[in-house]
Structure formats: C-alpha cells, structure tokens
Amino acid sequence: MASRLTAEREAELYESVLDLLREVGYDALTMDAVAARTRSSKATLYRQWGNKPELVARALRHNKPVTLHEIDTGSLRRDFHELVGLEDDCKLEKDSALMRGLMRAVHDNPDLHQALREVLIEPEITGLDQVLRRAVERGEVRADCPALPYVVHMLVGAFVARQLVEDKPVDKAFLGNYIDAVVLPALGDPV
C-alpha cells in the first residue's frame, strides 16, 4: 500500500474503522460510513485500501502493534507472559467481541476471510512458529512434541471458549493461567 497519509492520520482512520465496526458490525459497515466518520472521500479509501475487507484487515493489524516474533525473552513461558502483559483487560474484551463478530461475518464473506488470513492470521501464525522454533532450539520443547502443531488452536480456543462456556470476557489473568495450565504442559512444561 503506497500511502500518502501521515502515520497519525492513518492511525486515526484505522481507529475510526474499528469503532464503526464495533458499533454496526461488518455487514453494515460501508465505505460511505467510513468516509463520513473519517472526513475522507470514498475515492481516497478505495485508492489506499482497494476494498472494505482489506481496510478492515489493515485496521485490525494496526490495532496489534506488537507481534509475537518481536518478543524474545529467552524463555517460552516468559515470551507468552510478555505478550499477555502488553494487553489490557478493557482492550482484550473489546477486541474479543470484535473478533467474534468478524468470525461470523467470515462465513458469508470470502473476501474478508482472505484479507484476514493474509494480513492478520498468517503473520501471527508465522510469529508463533518463530517463538516455538526458538523454544525448540533452546531445548525447552522437544522438536517431535505432538502438541506443537496445535498451539495456535489452543490459543484461539481460549478466546472462543471463555465467553461461550463461562459467559465471561477473556482477560489477562485468564490468559496467563490458561498458558500455564494448558499450553505449557501440552508442550512438556517448559520453564
């Protein structure tokens, strides 16, 4: 994306997109509404992002400024807890609700699914793979550990199951406990 927007303007625009998304949901979100909310022209939005799925995916990516591959504390447990520590409970709750809504929208919008996979999901999986590879290289996790391919599923499951099973939002305490009680023991309990 060749942007002529300043970083500040782009960040403001992304925040407005996420606010609108939380207010009306993906299906009711329109480029007209984004243009009005951000005092932009639709032509500018389409020139910068091409379509609504790309704009939404980029806004979500921007909302996650630190990625897993940037964290390297020298310990898998500390890497996971460092990532959790960067979040705040209010943001986690808002983001969890937003992602649940988008997961519903993905079923009817293959372009959204593709944009989310390319811009948000695949980079996160790549970052998680790097964190896990470093843990294997340090000898914290066996290279043949059968749980390695399922770590991403375990982490996504934490977000989905908490609301579904307990009707409670995901928070830092839950994630920290989940990592210690579920993810790390599945990987051989690296310290």
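Preceding block: the structure.
Thresholds, definitions, all that
Residues numbered from 1 in each chain as written. Predicted model: local features only at pLDDT ≥ 70, side-chain atom pairs only at ≥ 80, totals over all residues. Heavy atoms only, no water. Helix = DSSP H or I, 4+ residues; strand = E, 2+ residues; numbered from the N terminus. Expected span 1.5 Å × (residues − 1). Contact = heavy atoms within 4.5 Å. Polar contact = N/O pair within 3.5 Å; in protein donor to acceptor, adjacent residues only side chain to side chain. Salt bridge = Lys/Arg side-chain N within 4 Å of Asp/Glu carboxyl O. Buried < 20%, exposed > 50% of the residue type's maximum accessible area, 1.4 Å probe, protein only. Axes fitted to C-alpha atoms, helices over the stretch in contact; angles between N-to-C directions. Parallel < 35°, antiparallel > 145°, perpendicular 65-115°, else oblique. Nonpolar A, V, L, I, M, F, W, Y, C, P; charged D, E, K, R; others polar.

A. Quick look at helix α6 (residues 89-106). With 18 residues, α6 should cover 26 Å at 1.5 Å per step; its first-to-last C-alpha distance of 25 Å lies within 8% of that length. On its buried face, α6 sits against α1 (7-24), α4 (52-62), α7 (110-137), α8 (151-166) and α9 (172-186). The opening residue of α6 is Asp88, an N-cap whose side-chain oxygen sits 3.1 Å from the backbone nitrogen of Cys90.

B. Inspection of the pattern of salt bridges at higher detail. If you walk through the whole model with that rule in mind, you get 18 salt bridges. The partner of Glu12 in a salt bridge is Arg39, and the shortest N-O contact between them spans 3.5 Å. Residue Glu12 is located in helix α1, and its partner Arg39 is located in the loop between α2 (31-38) and α3 (42-49); the two are separated by 27 residues in the primary sequence. Glu12 sits in the partly exposed class, given a relative accessible area of 36%. Lys42 is the partner of Asp32 in a salt bridge, and the nearest nitrogen-oxygen pair spans 3.2 Å. One end of the pair, Asp32, is in helix α2; the other, Lys42, is in helix α3, with 10 residues separating them in the sequence. Bridged by salt links that share partners, the residues Asp72, Asp79, Arg134, Arg138 and Glu140 form one connected network.

C. Spatial organisation of α1. A rise of 1.5 Å per residue sets the reference length of α1, with its 18 residues, at 26 Å; its end C-alpha atoms lie 26 Å apart and thus fit the reference within 8%. Against α2, α3, α4 and α6 lie the buried residues of α1. Downstream of α1 by a residue or two, Gly25 has a phi angle that is positive, lying close to 85°.

D. Geometry of the side chain of Arg61. Mapped onto the elements of the fold, Arg61 is located in helix α4. At 2.9 Å, the side chain of Arg61 and the side chain of Glu124 are in polar contact. If sequence neighbours within four positions are ignored, Arg61 has contacts with Thr67, Val119, Leu120, Pro123 and Glu124.

E. Just the packing of helix α5 (residues 76-85) against α7, in detail. Close contact between α5 and α7 brings their axes to 9 Å; oriented N to C, the two are set at 155°. With respect to α7, the axis of α5 lies roughly antiparallel. The segment α5 lies against α7, with Leu76, Asp79 and Phe80 engaging Leu128, Val131, Leu132, Arg134 and Ala135. Residue classes in the contact of α5 with α7 are distributed as 6 nonpolar, no polar and 2 charged.

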